[in-house]
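Structural overview for review
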Amino acid sequence: MRRSERWLAAALALLISACSARQPEPVNLPPPVEATSIGVGDVFELRIVGEDKLPTTFTVAPDGTVDFPYVKRLKVAGLEPQELAELVRAKLMEGQILTDPSVSVSIKEYNSKRVEVLGEVQKPGSLPLQPGMTLLRAISMAGGFNSIADKDRVTIRRRSQGKTVFATVSVEDIIDNKIPDVPLQAGDSINVAQRVF
């Protein structure tokens, strides 16, 4: 083989290896639909300004109600956090307990809204959706990857407009900041594939 042929063969081999290097691919999923209404089992914080001695953390009962100080039991399932704050404020004024209360509600845990983490993680199963939850957070909450997990083949399934769509994600690319982390929505299913040995 002449020197020019060797040089051409080496250049071709280099080009082939460069082409075969995996390029990070952005995740092709519809954006998550945020479901913020309160449901059974959800945990939220309700604060009334100036009423520091009252309990602040509440869990929605199986019948969709919560027992509040001063206003007793209210049906809260299906309400948005802001709607609940307005309802409690109205009840406090209606009962002449406070004249112009300032009430705020923030969700701590969406136990009524869940994501599934399956496959090669330490603790597969169903997790409560937390506000702003991402793929990395869900995997972390499931105990992280086990020893045979393929971090480059993590599949997310999502219901969108009546159809199930899915995307395969490289978590290594997210960890290396090559692609952004994937925000999740209620009902998402994550499956971590097994590494091929």
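In what follows, the accompanying structure is described. Quantities reported herein were computed from a predicted structural model and do not represent experimental measurements.

**Focus on the pairing of strand S7 (residues 149-160)**
Judged from the 5 bridges that link them, S7 and strand S9 (residues 189-194) form a sheet pairing that is antiparallel. Looking at S9, one finds that Thr 155 is bridged to Asn 191. Pairing of S7 with strand S8 (residues 163-169), which is carried by 7 bridges, proceeds in the antiparallel orientation. Within the sheet, the bridge partner assigned to Ser 160 lies in S8 and is Lys 163.

**Some points on the nonpolar core**
Residues Phe 44, Leu 46, Phe 68 and Leu 135 are the most contacted members of the largest nonpolar core, which totals 44 residues. It is strand S5 (residues 103-119) that contributes the most residues to this core, 6 residues altogether. Residue assignment places this core across two domains, with domain 1 (42-109) and domain 2 (114-194) each supplying three or more. Phe 68 has contacts with Phe 44, Leu 46, Phe 58, Leu 74, Val 76, Leu 84 and Val 88, leaving out every residue within four places of it along the chain.

**A short note on unusual backbone geometry**
Leave glycine aside and you will find that most residues have negative phi; peptide bonds, for their part, are mostly trans. The backbone of Tyr 70 sits at a positive phi, close to 75°, despite the residue not being glycine. With phi around 50°, Gln 161 is a residue other than glycine that occupies positive phi space. Examined against the element boundaries, Gln 161 turns out to sit in the loop between S7 and S8. Overall, the relative accessible area of 79% leaves Gln 161 in the exposed class.

**Some thoughts on the pairing of strand S1 (residues 43-48)**
Note that S1 and strand S2 (residues 57-59) share 3 bridges and pair antiparallel. Within the sheet, the bridge partner assigned to Glu 45 lies in S2 and is Thr 57. Where S1 and S5 come together, 6 bridges link them in antiparallel fashion. Each residue of the ladder has a partner; that of Ile 48, found in S5, is Val 103.

**Let's talk about the packing of aromatic side chains**
The full count for this structure, using the stated rule, is 3 aromatic pairs. Three or more aromatic residues joined by ring pairs make a cluster, and in this case those are Phe 44, Phe 58 and Phe 68. Arg 157 extends its terminal NZ or CZ atom over the ring of Phe 166, reaching a point 5.6 Å from the ring centre.

**A short note on the pattern of salt bridges**
Opposite charge on two side chains makes pairing possible when the charged atoms of those side chains draw close. Across all of its chains, the model carries 5 salt bridges by this definition. Measuring nitrogen to oxygen at the nearest pair gives 3.9 Å for the salt bridge that ties Glu 94 to Lys 91. Here the residue Glu 94 and the residue Lys 91 both occupy positions in helix H2 (residues 81-94), the gap between them amounting to 3 residues, near one helical turn. Residue Glu 94 is classed as exposed on the basis of its relative accessible area, which comes to 61%.

**Topic: the side chain of Thr 155**
Of note, Thr 155 is situated in strand S7. Among all residues touching Thr 155, those that are not within four sequence positions of it are Phe 166, Ala 167, Thr 168, Ser 189, Ile 190 and Asn 191.

The rules behind each value
- Residues numbered from 1 in each chain as written.
- Predicted model: local features only at pLDDT ≥ 70, side-chain atom pairs only at ≥ 80, totals over all residues.
- Heavy atoms only, no water.
- Pairing = 2+ DSSP bridges.
- Helix = DSSP H or I, 4+ residues; strand = E, 2+ residues; numbered from the N terminus.
- Core = buried A, V, L, I, M, F, W, Y, C linked by side-chain atoms within 4.5 Å.
- Buried < 20%, exposed > 50% of the residue type's maximum accessible area, 1.4 Å probe, protein only.
- Domains from an automatic or database assignment.
- Contact = heavy atoms within 4.5 Å.
- Phe/Tyr/Trp six-rings, centres within 6.5 Å; stacked < 30°, edge-to-face > 60°.
- Lys NZ or Arg CZ within 6 Å of the ring centre and 35° of its normal.
- Salt bridge = Lys/Arg side-chain N within 4 Å of Asp/Glu carboxyl O.

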